[in-house]
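Spelled out, the chains give:
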Amino acid sequence: MREKAKNYQVMDILRKLENLKAEELIKEKTERLLEFGLDQPDVEITLTLEDDSAKTLLVGDKIPRTDSYCAKVADSDIIFTIKKDVVDELEKDLSEIRE
């Protein structure tokens, strides 16, 4: 589904994704995405490039007693953590970008 978006909000999201850093490696290979909340992620962001290739970031469960979330790139086997403040900003911005 395509919708119109506020360009300045989209640019903010792209800047956040450009500066996104994995904090810690959790697993290099696993098929058990359920235990990380990645089977039905809370946040899913897909970027489609000019050559029609796409990359999708999946964000799953918050890790108890930390400020981190489980995440992975959809076509990768590596699961890593990202900071809660990044997830909070992405969730907030995604709800605000629609025109």
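Scroll up for the structure.
Novice: Could you clarify how one ought to interpret the pattern of salt bridges in this entry?
Specialist: Oppositely charged side chains can pair when the atoms bearing their charge come close. Within this structure, the stated rule accounts for six salt bridges. Between Arg15 and Asp12 there is a salt bridge whose closest N-O contact spans 2.7 Å. Highlighted residues: Arg15 and Asp12, both in helix α1 (residues 7–18), separated by three residues, approximately one helical turn. Overall, Arg15 belongs to the partly exposed group, its relative accessible area being 43%. By relative accessible area, Asp12 is classed as partly exposed at 27%. The partner of Asp77 in a salt bridge is Lys29, and the shortest N-O contact between them spans 3.8 Å.

Novice: Looking at this structure, how should I read the nonpolar core?
Specialist: Across soluble globular proteins, nonpolar side chains show a tendency to be buried alongside one another. Ranked by internal contacts, the top residues of the largest apolar core, which has 13 residues, are Leu17, Leu57, Val59, Ala71, Ile82 and Val87. Those elements giving two or more residues to this core turn out to be α1, β2 (43–48), β3 (54–62), β4 (68–73), β5 (79–83) and α2 (84–96). In this structure, Leu57 is in contact with Leu17, Leu20, Val43, Glu44, Ile45, Ala71, Lys72 and Phe80, ignoring residues within four places of it in sequence. Membership of the second largest hydrophobic core comes to five residues, among which are Phe36, Leu58, Cys70 and Ile79.

Novice: In this structure, what is going on with unusual backbone geometry? I would like to understand it.
Specialist: Glycine aside, the phi torsion of most residues is negative, and most peptide linkages are trans. Non-glycine residue Asp52 carries a positive phi angle of around 70°. The class for Asp52 is exposed, based on a relative accessible area of 63%. Notably, Arg65 is not glycine yet its phi reads approximately 60°, a positive angle. Mapped onto the secondary structure, Arg65 falls in the loop between β3 and β4.

Novice: Would you mind going over the pairing of β4 with me for this structure?
Specialist: In the case of a regular strand, side chains alternate between the two sheet surfaces. Most of β4 is tucked away, with five of its six residues classed as buried. Taken together, the four bridges between β3 and β4 define a ladder with antiparallel strand orientation. Opposite Leu58, over in β4, you have Lys72 as the bridge partner. Counting the residues between successive antiparallel strands, the hairpin from β3 to β4 contains five residues, one of them, Arg65, with a positive phi of roughly 60°. Across four bridges, the pairing between β4 and β5 is antiparallel. Each residue of the ladder has a partner; that of Cys70, found in β5, is Thr81. Between β4 and β5, which pair antiparallel in sequence order, lie five residues.

Procedures and definitions
Starting from 1, residues in each chain are numbered consecutively following that chain's sequence as written. Restriction of local features to residues with pLDDT of at least 70 applies here, the model being predicted, together with a cutoff of 80 or more for giving and counting side-chain atom pairs; totals for whole chains, interfaces and linings are based on all residues. As a convention, hydrogens and water are excluded, and side-chain values are obtained from all of the structure's heavy atoms. The salt bridge criterion pairs a side-chain nitrogen of Lys or Arg with a carboxyl oxygen of Asp or Glu, the two atoms within 4 Å. Helix and strand assignments come from DSSP, with helices taken as H or I runs of at least 4 residues and strands as E runs of at least 2, each series counted from the N terminus. The rule is simple: take the accessible area with a 1.4 Å probe, protein chains only, and divide by the maximum for that residue type; under 20% is buried, over 50% is exposed, in between is partly exposed. We define the nonpolar core as a collection of buried residues of types Ala, Val, Leu, Ile, Met, Phe, Trp, Tyr and Cys that are connected through side-chain atoms lying within 4.5 Å of one another. Here, residues are in contact when the closest pair of their heavy atoms is within 4.5 Å. By this definition, two strands are paired if DSSP reports at least two bridges between them.

Scope: geometric values only; no functional claims are made or implied.
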